[in-house]
Amino acid sequence: MNRRDFIAAGLAGCYPASSALAAQAVVLVVGDSLSAEYGLKRGSGWVALLEQKLAAGKSGARVVNASISGDTSAGGRSRLPALLAQHKPSHVLIELGGNDALRGLPLSMTEDNLAAMAQAARQAGAKVLLVGMQLPPNYGSDYAERFAGLFAKVGKAQQAAVVPFLLKGVADGPDALKMFQADRIHPREEAQPQMLANVWVELGKLLK
């Protein structure tokens, strides 16, 4: 590019626009039904609320919701490489593992899958946030405790931020049953702002 073309491009605003685009945060959410608006009207789930929050703050950040109802950590692990290549996210939120536990899958497998996802995202240049889950007591205290603890374990090993419990203030609140759909597994629309608040505690730090 010669000097005249360089000046013309600058006057046209090409270079500032390119810089802004390069600096734009892309938040990739890889989750299951809790992030895929299962049983909810479109645009009312916590991921959609996150997108609205970022838009209101005029941060320029973009949200890509790649969540699939019923997905497991193994499914997310297999899908992640293509998602990283396609969207080139600056931040990756991993909300998976709940379906693993509901199926009674080995915790070591879930831990390995989450660790591999976090590592792949970091190697792609993204900051990682693991969104943790907890199980009801009827799954056995030992299994439930080890499951709840694996998110912090993976987070520490992979230098990833961690939300301890996505449903804090929802599943453990005084009116917990009123916050869930008839299946008692998927939160209602009223619970979504609290879920976002739980995520934002950690995500907000990563976006600064």
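Residues numbered from 1 in each chain as written. Predicted model: local features only at pLDDT ≥ 70, side-chain atom pairs only at ≥ 80, totals over all residues. Heavy atoms only, no water.

*Asks:* How do you make sense of the nonpolar core when you look at a structure like this?
*Replies:* In summary, soluble globular proteins display a tendency toward joint burial of nonpolar side chains. Counting 59 residues, the largest nonpolar core has Leu28, Trp46 and Leu166 as its most contacted members. Other than its neighbours up to four places away in sequence, Leu28 contacts Val64, Ala66, Leu80, Leu83, Leu84, His87, Pro89, His91, Val92 and Leu93. (Core = buried A, V, L, I, M, F, W, Y, C linked by side-chain atoms within 4.5 Å. Buried < 20%, exposed > 50% of the residue type's maximum accessible area, 1.4 Å probe, protein only. Contact = heavy atoms within 4.5 Å.)

*Asks:* How should the environment of Ala148 be read in this particular structure?
*Replies:* Positionally, Ala148 belongs in helix H7 (residues 141–158). The sequence separation of Ala148 and Gly132 amounts to 16 residues, and the corresponding C-alpha distance is 7.0 Å. Contact partners of Ala148, with chain neighbours within four places excluded, come to Met133 and Gln134. (Helix = DSSP H or I, 4+ residues; strand = E, 2+ residues; numbered from the N terminus.)

*Asks:* What is the right way to look at the packing of aromatic side chains in this model?
*Replies:* Applying the stated criterion across every chain, the model contains 1 aromatic pair. Residues Phe147 and Phe151 carry aromatic rings whose centres are separated by 5.3 Å and whose planes lie at 85 degrees to one another, so their mutual orientation is edge-to-face. Highlighted residues: Phe147 and Phe151, both in helix H7, separated by 4 residues, approximately one helical turn. Both residues of the pair, Phe147 and Phe151, count as buried. We note Lys53 situated over the ring of Trp200; from NZ or CZ to the ring centre the distance is 4.8 Å. (Phe/Tyr/Trp six-rings, centres within 6.5 Å; stacked < 30°, edge-to-face > 60°. Lys NZ or Arg CZ within 6 Å of the ring centre and 35° of its normal.)

*Asks:* Got a minute to help me understand the sheet that holds strand S1 (residues 26–31) in this structure?
*Replies:* Paired through their backbone hydrogen bonds, the strands of a sheet run either parallel or antiparallel. The parallel open sheet is built from 5 strands, whose spatial order is S2-S1-S3-S4-S5. Each end of this open sheet is capped by a strand with a single partner; those strands are strand S2 (62–65) and strand S5 (161–163). This sheet shows a mean twist of 20 degrees between the axes of neighbouring strands, independent of strand direction. Sheet topology note: the S1/S2 ladder contains 4 bridges and is parallel. Bridging from a neighbouring strand, Val26 pairs with Arg62 of S2. Across the face of the sheet, helix H8 (residues 192–206) comes into contact with strand S3 (91–95), strand S4 (127–131) and S5 while running at roughly 170 degrees to S4. (Pairing = 2+ DSSP bridges. Axes fitted to C-alpha atoms, helices over the stretch in contact; angles between N-to-C directions.)

*Asks:* Is there a simple way to think about a nonpolar patch on the surface in this case?
*Replies:* A surface patch of nonpolar side chains, amounting to about 240 Å² of accessible area, comprises Leu102, Tyr139 and Ile185. Tracing the backbone through its elements, the reader meets Tyr139 in the loop between S4 and H7. (Patch = residues over 30% accessible without salt bridge, like charges linked within 9 Å, V, L, I, M, F, W, Y side chains within 5 Å. Areas by Shrake-Rupley, 256 points an atom, 1.4 Å probe, with all protein chains shown as cover. Salt bridge = Lys/Arg side-chain N within 4 Å of Asp/Glu carboxyl O.)

*Asks:* So what exactly am I meant to see when it comes to empty space enclosed by the protein here?
*Replies:* Which parts of space are left empty comes out when a probe the size of a water molecule is rolled across the atoms. By the definition in use, this model includes 1 cavity of 30 Å³ or more. Looking at the largest cavity, its volume works out to about 40 Å³. Surrounding the largest cavity, Ser33, Leu34, Glu37, Tyr38, Leu40, Gln181, His186, Pro187 and Gln192 form its lining. (1 Å grid on protein atoms, 1.4 Å probe; cavity = no way out; pocket = protein on both sides within 12 Å on 5 of 7 lines; lining within 4 Å. Points joined across faces, edges and corners; volume = space filled by probe spheres on them.)

*Asks:* What exactly am I supposed to notice about the pattern of salt bridges here?
*Replies:* Pairs can form between side chains of opposite charge whenever their charged atoms are close. Evaluation of the coordinates by the stated rule reveals 8 salt bridges. Of the charged contacts in the structure, one is a salt bridge between Glu189 and Lys41, with a shortest N-O distance of 3.9 Å. Here the residue Glu189 occupies a position in the loop between S5 and H8, and Lys41 occupies one in the loop between S1 and helix H3 (46–56), the gap between them amounting to 148 residues. In this structure Glu189 comes out as partly exposed when scored by relative accessible area, which is 37%. Accessibility expressed as a relative area gives 55% for Lys41, which makes it exposed. Note that Arg77 and Asp112 form a salt bridge whose closest N and O atoms lie 2.9 Å from each other. With a gap of 35 residues between them, Arg77 in helix H4 (residues 73–87) and Asp112 in helix H6 (residues 107–123) connect regions that are remote in the sequence. In this structure Asp112 comes out as partly exposed when scored by relative accessible area, which is 43%.

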